[in-house]
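Structural description and commentary
Read off the chains here:
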Amino acid sequence: MTNQKQLDELLLNKTTAEVAKDLLGMYLEYDTPNGHLGGYIVDAEAYLGPEDLAAHSYGMRRTPRVRAMYEEPGTIYLYTMHTHLILNIITQPEGVPQGVMIRAIEPVEGIEQMSLNRKGKAGPEISNGPGKLVAALGLSPELYGQSIRDSSLRFIFEKKRTPKKILALPRIGIPNKGEWTEMPLRFVVAGNPYLSLQKKNQVDEDWGWRKQNEENNHIGLS
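Bear in mind that the values here come from a model prediction, so they are computed numbers and not experimental data.

**Side note on the pattern of salt bridges**
Opposite charge on two side chains permits them to pair, given that their charged atoms come into close proximity. Scanning all chains against the criterion turns up 14 salt bridges. Notably, a salt bridge pairs D22 with K14, separated by 2.5 Å at the nearest N-O pair. D22 gets classed as partly exposed once you look at its relative accessible area, which sits at 29%. Since its relative accessible area comes to 22%, K14 is described here as partly exposed. Linking E29 and R154 is a salt bridge whose minimum nitrogen-to-oxygen distance equals 2.8 Å. On the criterion of sequence distance, the pair formed by E29 in strand β1 (residues 27-32) and R154 in strand β6 (residues 153-156) is long-range, its members being 125 residues apart.

Here it is, written out as structure tokens:
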């Protein structure tokens with residue numbers, strides 16, 4: 001069972017950008033008929049509607065498609081873009097339509113099944129993009145409007161890892177949106193091979209993670 005207090009600490013009383021950064025290293029797990037599929041979040045983008053020109057809720061837009069954006073923190077917002085289903089988690093109090101797009105995960109559990117779900121793709125191609133990770137996990141559109149708190153998709157805090165370095169970058173695929181095109185609202189685990197558009201010569205030997213003893217020390221000091 002997901003720890004509700006930990007979820008509150010993750011999602012409440014923070015800016016959406018802060019939540020996006022805190023999601024890096026979080027273990028995302030999905031229950032399927034073929035067992036658990038899961039991995040570490042390594043790439044996440046913050047969307048700050050209604051003032052964010054790139055957000056679906058810009059200008060407090062209300063359509064059936066964006067209904068979930070106005071729900072409570074932890075609500076799952078799925079939408080289709082270019083035939084791909086995209087995963088977002090709502091991050092602000094009910095009525096404040098902001099959220100984080102999960103762009104990529106580093107697979108850990110059920111990698112063989114994820115590869116099958118991706119029609120035989122292997123390595124970073126399994127889940128190094130927002131549509132790819134949804135396909136790899138086999139997320140159902142029925143998750144729309146459900147909550148990360150009590151659905152078959154959940155965060156496992158006990159498995160969370162600590163990035164050595166987090167980069168803040170412009171979001172991907174946001175052309176012609178003025179200052180919102182270049183605003184550094186995409187957060188990534190520096191050096192991880194599963195980042196969208198990651199170059200091989202930028203991959204860290206530890207894939208961007210603190211070593212286990214370093215993580216334990218880091219937790220002890222926090």
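**Some remarks on the layout of surface pockets**
A volume near 280 Å³ is recorded for the second largest pocket. Looking at the second largest pocket, it is lined by 19 residues, and the ones nearest its centre are Y47, A54, H56, Y79 and M101. For the lining of the second largest pocket, the secondary structure elements donating two or more residues are β2 (35-47), β3 (76-81) and β5 (99-109). Here the lining of the second largest pocket gets four residues from one element, more than from any other, and that element is β5. When the residues that make up the lining of the second largest pocket are grouped by side-chain class, the tally is twelve nonpolar, four polar and three charged.

**Focus: the pairing of β2**
In terms of burial, β2 is a largely internal element, eleven of the 13 residues being buried. In this structure, β1 lies alongside β2, joined through six bridges in antiparallel fashion. Bridging from a neighbouring strand, Y27 pairs with Y40 of β2. Pairing geometry for β2 and β5, over nine bridges, is antiparallel. Looking at the pairing, E45 lines up with M101 of β5. When β2 meets strand β8 (residues 186-189), the two strands line up antiparallel, connected through three bridges. Pairing of A44 across the sheet is with F187, part of β8.

**Re the nonpolar core**
Grouped together as the largest cluster of nonpolar side chains are 63 residues, with contacts concentrated most on L23, L28, I41, L87, L137, L153 and F155. Considering each element in turn, this core owes the most residues, seven residues, to β2. I41 has contacts with L23, L24, G25, M26, L28, I102, A104, I105, F155, V189 and W209, leaving out every residue within four places of it along the chain.

**Side note on the packing of aromatic side chains**
The description of an aromatic ring pair uses the distance of the two centres, along with the angle that the planes make with each other. Counted under the stated rule, the structure contains five aromatic pairs. Over the ring of Y70 we find R62; its NZ or CZ atom is 3.9 Å from the centre of that ring. Just above the ring of Y27 sits the side chain of K159; from NZ or CZ to the centre is 4.5 Å.

**Observations regarding the environment of R186**
Secondary-structure assignment places R186 in strand β8. Given the relative accessible area of 6%, R186 is considered buried. Note: C-alpha distance between R186 and A168 (18 residues apart in sequence) is 5.6 Å. Contacts of R186, omitting those with residues within four sequence positions, involve D43, A44, E45, R103, L167, A168, L169, P170, R171, I172, L195 and S196. At 2.6 Å, the side chain of R186 and the side chain of D43 are in polar contact. Looking at R186, its side chain comes within polar contact range of the main-chain oxygen of S196, at 3.2 Å.

Calculation rules
- Residues numbered from 1 in each chain as written.
- Predicted model: local features only at pLDDT ≥ 70, side-chain atom pairs only at ≥ 80, totals over all residues.
- Heavy atoms only, no water.
- Salt bridge = Lys/Arg side-chain N within 4 Å of Asp/Glu carboxyl O.
- Buried < 20%, exposed > 50% of the residue type's maximum accessible area, 1.4 Å probe, protein only.
- Helix = DSSP H or I, 4+ residues; strand = E, 2+ residues; numbered from the N terminus.
- 1 Å grid on protein atoms, 1.4 Å probe; cavity = no way out; pocket = protein on both sides within 12 Å on 5 of 7 lines; lining within 4 Å.
- Points joined across faces, edges and corners; volume = space filled by probe spheres on them.
- Nonpolar A, V, L, I, M, F, W, Y, C, P; charged D, E, K, R; others polar.
- Pairing = 2+ DSSP bridges.
- Core = buried A, V, L, I, M, F, W, Y, C linked by side-chain atoms within 4.5 Å.
- Contact = heavy atoms within 4.5 Å.
- Phe/Tyr/Trp six-rings, centres within 6.5 Å; stacked < 30°, edge-to-face > 60°.
- Lys NZ or Arg CZ within 6 Å of the ring centre and 35° of its normal.
- Polar contact = N/O pair within 3.5 Å; in protein donor to acceptor, adjacent residues only side chain to side chain.

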